[in-house]
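Each chain, letter by letter, is given below.
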Amino acid sequence: MAVFGGANLGSVSFSSHLFNQQSCFLSGPLRLLPSSSNRTSLLCVVKSFSGSVIADTDTSSDQSSNPLLRDDAGSARMSTDWKLAKAYCKSGDTFEGEVEGFNGGGLLIRFHSLVGFLPYPQLSPSRSCKEPQKSIHEIAKTLVGSTLPVKVVQADEENKKLILSEKLALWPKYSQNVNVGDVFTGRVGSVEDYGAFIHLRFDDGLYHLTGLVHVSEVSWDYVQDVRDVLRDGDEVRVIVTNIDKEKSRITLSIKQLEDDPLLETLDKVILKDSSSGSPSLSSNNGDTIEALPGLETILEELLQEDGIEAVKINRQGFEKRVVSQDLQLWLSNTPPSEGKFVLLARAGRQVQEIHLTTSLDQQGIKKALQRVLERVP
């Protein structure tokens, strides 16, 4: 343990440690404000293999000059504050913490006698979107001395990890104004192999929440690498498709704001071959069309629903592009004919048209399909 004393504390540097939380690395010099009070304080840098937490032990002048008593008092105070941090973590309550410094990986924020770590990805997106020309370290420098609303994400006394999040602290305030189906203008915050994180702009012009557009929701065209379509800083329009309040997650889509090429029937989906002038369609005159993988089970379950009298794969065709390898289902907008609705299924380039004989209306069919999809693994 390295101990530094004195009221007029400047900057302190310590060896870099790998900090494997939120994929951030804690590196470079540690920057702290000088002590703002008249008391003398001991700054203890507690080092561990997995990270660092800083504890400030108060040694006011009215305490005993015996160093053993001071150590006991400091340890008791820290133990109490660790219990308090764990209580905050369990309850999800927020607190206002003062930013005392920053490092390569995030901010250092005061929590009573402890100083916790807030990784940069856990800052509110409004910080970086407000001044996109500034680096994250320039933004961090301007935050030193200010107070931020934060939540305790992790309070691990044994490994000396106190992890904080401003993003989660602001979630309840702004998420209550977000509903499935809402359309936002957003800014691409980061792009990963599995999708892109989009910062959502609210009516006040600031970006308060972040949602994920999965790679399958970027475009109707097949996207092999999201980076071929989206880049950090791009402005996009997105629609909210799901809100998980328990996990504080928002799911978004870009492609659902565009017309799906599979809108009504196969005649509109499958383009005519330029050489023959005829679309690549085949009709089911018997049982010659094999159902797409996973579709047969869905159709069998659909027959168990009240009001569904018969299902039959009527036609199939092949698109010239791959939209998704996953099985996708649509209820066609085509008006029913003789009690028959059209259901469309697609996987890869293959598209199949299914006729449903039913006494249900369109909403009834959608609810039946939803129940079936919940049952089928």
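Residues numbered from 1 in each chain as written. Predicted model: local features only at pLDDT ≥ 70, side-chain atom pairs only at ≥ 80, totals over all residues. Heavy atoms only, no water.

K.L.:
Mind showing me how you'd approach the nonpolar core here?
P.N.:
It is characteristic of soluble globular proteins that their nonpolar side chains tend to be buried jointly. Judged by nonpolar contacts, the single largest core of 25 residues is most densely connected at Val178, Ile198, Leu200, Leu230, Val238, Ile250 and Leu252. For this core, the secondary structure elements donating two or more residues are helix H4 (166-175), strand S12 (183-192), strand S13 (195-201), strand S14 (207-214), strand S15 (235-244) and strand S16 (249-253). It is S15 that contributes the most residues to this core, 4 residues altogether. Judged by nonpolar contacts, the second largest core, of 22 residues, contains Phe102, Ile139, Ala140 and Ala155. (Core = buried A, V, L, I, M, F, W, Y, C linked by side-chain atoms within 4.5 Å. Buried < 20%, exposed > 50% of the residue type's maximum accessible area, 1.4 Å probe, protein only. Helix = DSSP H or I, 4+ residues; strand = E, 2+ residues; numbered from the N terminus.)

K.L.:
In this structure, what is going on with the pattern of salt bridges? I would like to understand it.
P.N.:
Oppositely charged side chains may form a pair once their charged atoms are brought near each other. Using the criterion set out here, one finds 11 salt bridges in the structure. Residue Glu157 pairs with Lys86 through a salt bridge whose shortest N-O separation is 3.5 Å. Taken together, the residues Glu157 in the loop between strand S10 (147-156) and strand S11 (161-165) and Lys86 in helix H1 (residues 67-91) connect sequence positions 71 residues apart. A salt bridge links Glu305 to Arg371; the shortest N-O distance between them is 2.7 Å. Remark: Arg371 occurs in helix H7 (residues 362-375) and Glu305 occurs in the loop between helix H6 (295-302) and strand S18 (308-318); sequence separation between them is 66 residues. (Salt bridge = Lys/Arg side-chain N within 4 Å of Asp/Glu carboxyl O.)

K.L.:
Sorry if this is basic, but what is going on with the sheet that holds S14 here?
P.N.:
The strands that make up a sheet are held in pairs by hydrogen bonds between backbone atoms, and each pair lies either parallel or antiparallel. Ordered in space as S12-S13-S14-S16-S15, the 5 strands form a closed barrel in which the pairing is mixed. Between one strand and the next, the sheet's axes are offset by a mean angle of 55°, whatever the strand orientation. Relative to S15, S12 is paired through 5 bridges, and the arrangement is antiparallel. Within the sheet, the bridge partner assigned to Val183 lies in S15 and is Ile239. Of the strands in this sheet, S14, S15 and S16 touch H4, which is tilted by about 95° from S14. (Pairing = 2+ DSSP bridges. Axes fitted to C-alpha atoms, helices over the stretch in contact; angles between N-to-C directions. Contact = heavy atoms within 4.5 Å.)

Shape descriptors only; they carry no functional weight alone.
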